[in-house]
Amino acid sequence: SVVEKYLQPFQLSPETLQEVSARLRKDLLRGLGKHSHHKAPVKMLPTFVRATPDGTEKGDFLALDLGGTNFRVLHVRVEEEAQKVLKMDSQICAIPQEMMLGTGEQLFDHIATCLGDFLESHNLKCQTLPLGFTFSFPCEQLEIDKSILIRWTKGFNCSGVEGKDVVQLLKEAIQRTGDYHIGSVAMVNDTVGTMMSCGYKDQSCEIGMIIGTGTNACYMEEIKNVKRIEGEDGRMCINTEWGGFGDDGSLDDILTEFDVEVDKTSINPGVHIFEKMISGMYLGEIVRLVLVKMTKDKLLFKGQISEALGTSGRFETKFISEIEDGLENAKKILTELGLDWGLVDASVVCLVCDTISSRSAYLCAAALATLVNRIRNNRKLDHLKTTVGVDGTVYRKHPTFSSKLQKAVRLLAPQCDITFLVSEDGSGKGAAMVTAVAQRLAHQSRLLEESDGEDDDDEEEEEGQ
Ligand code: BGC
């Protein structure tokens, strides 16, 4: 049909998806390589998370979560006996749009103030709790508490932060409040938090994936393959930053004119190309652009573009989920967008939404297949059984996204048996988990050092760092 002509460029065959997966496989290697990683589009960032939880972690923690739908402050308790991570309290602080595009100092002052208010209202000010900072942007991590922002993504673009140590900026802002102290800090990408929060329950959870405002995944890699850090035994969690896949042009052949347009009008043109085909920040806008074109060509809405449909950002990604959930929702949304629709219009809109969200699910599947196949090859296994911790509004809220993704991964990685675990508040609880594991490892190595020297001081209280 005529409609098909518009949608066909979004339809990726299984062979194309396999090709996408193969390209990503090469890019993972480039990102890991000693000399190639500087220029690699898929950054493969070491996270300094060397172990998943072993179930002995415990204690109280603070967590900050920046980079998803909301900025949040949390108080989290990890209970050893119950093997549970409890969210004690949490609070959402809005970050106004202007602040997302303002100065870094303003942003961090705001964060420090929100944290202070939270401590005050929950009577935690007198304690010095360790803090897990889920900061969901690509960072070059030098230590668990030293993390340089490579670039902002999603809606953020604050000045004076790229190239700086985010932990330092946070600490300085807290000092400026002059009001409270925090303990040791652990920096966490949301993918890592997601993996770690599932890992407390299921110790075979070795991948974390986010399909929300942005998209990304992390996984446990053999340290000997991470050529840019000193070769050692064991594994380290690598934050792939797969959103940057395609930034060197490697996906140009599958981009549509609409993807090109979305990229051009974004606040970070030319980068995070893969993310812009997949994540919640962009899907609604892709659909809008397709609908606008079809309307201009008189295929929809009697050729009339309403003001809302003509305005970028007005077709929200959550509309896609709602529309695909039922024709009645579609009608309601089209009316709200001021469109003069008929039944055919409504069903074409459903089809457009389905096409764009399916492509997103299939591209994620291709990327995830690359990761599980890599883990399987690393371990020289014929068959791998593993668990993926997942989070993100697109994955959670869309009616068919997760089942499409799962089905496609099974096709693309037939030798892998994958369990998907939706993480309950990974970026909050996971940040606490990472902090807890870091403390456990630090404690263990201190005990080792001490037993090398004098006798052990029994049960020294953990002080962080
Ligand atoms: C960021 C990642 C993050 C992902 C999901 C991307 O834009 O670069 O660090 O994990 O969004 O939030």
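Residues numbered from 1 in each chain as written. Predicted model: local features only at pLDDT ≥ 70, side-chain atom pairs only at ≥ 80, totals over all residues. Heavy atoms only, no water.

Here we look at unusual backbone geometry
With phi around 65 degrees, phenylalanine 48 is a residue other than glycine that occupies positive phi space. Summarising the element assignment, phenylalanine 48 is placed in the loop between strand S1 (45-46) and strand S2 (59-66). (Helix = DSSP H or I, 4+ residues; strand = E, 2+ residues; numbered from the N terminus.)

Details of the domain arrangement of the chain
Domain boundaries in the chain define domain 1 (2-46 + 202-422) and domain 2 (59-188). Contact with domain 1, which involves 16 residues of that partner, is made by 16 residues of domain 2. When domain 1 packs against domain 2, the two sides together hide about 1,200 Å² of surface, and 53% of this comes from carbon and sulfur. Among the residues domain 1 hides against domain 2, the three largest losses belong to Leu45, Thr213 and Ile267. Together they make up 34% of the total. Taken together, the links from domain 1 to domain 2 amount to one salt bridge. (Domains from an automatic or database assignment. Contact = heavy atoms within 4.5 Å. Buried area = accessible area lost by both parts, 1.4 Å probe. Salt bridge = Lys/Arg side-chain N within 4 Å of Asp/Glu carboxyl O.)

Side note on the site of the ligand
Surrounding the ligand, one finds 15 residues, the nearest of these being Thr153, Asn189, Asp190, Glu241 and Glu275. At 3.4 Å, a backbone N or O of phenylalanine 137 approaches an oxygen atom of the ligand. At a separation of 3.0 Å, an oxygen atom of the ligand approaches a polar side-chain atom of asparagine 216. At the level of elements, helix H6 (190-199) and strand S10 (215-222) are the ones that each hand at least two residues to the shell around the ligand. When grouped by side-chain class, the residues that make up the shell around the ligand number three nonpolar, eight polar and four charged. (Near = heavy atom within 4 Å. Polar contact = N/O pair within 3.5 Å; in protein donor to acceptor, adjacent residues only side chain to side chain. Nonpolar A, V, L, I, M, F, W, Y, C, P; charged D, E, K, R; others polar.)

So, the pairing of strand S9 (residues 205-211)
The element S9 is extensively covered by neighbouring structure, given that seven of its seven residues are classed as buried. Sheet topology places S9 next to strand S12 (residues 384-391); five bridges connect them, and they run parallel. By the bridge assignment for S12, methionine 209 is matched with valine 390. Bridge count for S9 against S10 is five bridges, and the pairing is antiparallel. What sits directly across from isoleucine 207, in S10, is tyrosine 219. The antiparallel pairing of S9 with S10 creates a hairpin that spans three residues between the two strands. (Buried < 20%, exposed > 50% of the residue type's maximum accessible area, 1.4 Å probe, protein only. Pairing = 2+ DSSP bridges.)

Focus: the nonpolar core
With 82 residues, the main nonpolar core has Met209 and Leu405 as its most contacted residues. Considering each element in turn, this core owes the most residues, 18 residues, to helix H12 (residues 343-378). Counting residues in hydrophobic clusters, the runner-up holds 39 residues, among them Leu66, Phe135, Cys158 and Val167. (Core = buried A, V, L, I, M, F, W, Y, C linked by side-chain atoms within 4.5 Å.)

What about the packing of aromatic side chains?
Following the criterion strictly, the structure yields 11 aromatic pairs and no others. A centroid spacing of 5.2 Å and a plane angle of 75 degrees characterise the contact between phenylalanine 137 and phenylalanine 156, whose relative ring orientation is edge-to-face. Taken together, the residues phenylalanine 137 in the loop between strand S5 (131-135) and strand S6 (139-143) and phenylalanine 156 in the loop between strand S7 (146-149) and helix H5 (166-177) connect sequence positions 19 residues apart. For phenylalanine 137, a relative accessible area of 1% gives the class buried. Phenylalanine 156 sits in the buried class, given a relative accessible area of 8%. Each ring, one from tryptophan 152 and one from phenylalanine 156, has its centre 5.5 Å from the other, and the planes form 20 degrees; the classification is stacked. (Phe/Tyr/Trp six-rings, centres within 6.5 Å; stacked < 30°, edge-to-face > 60°.)

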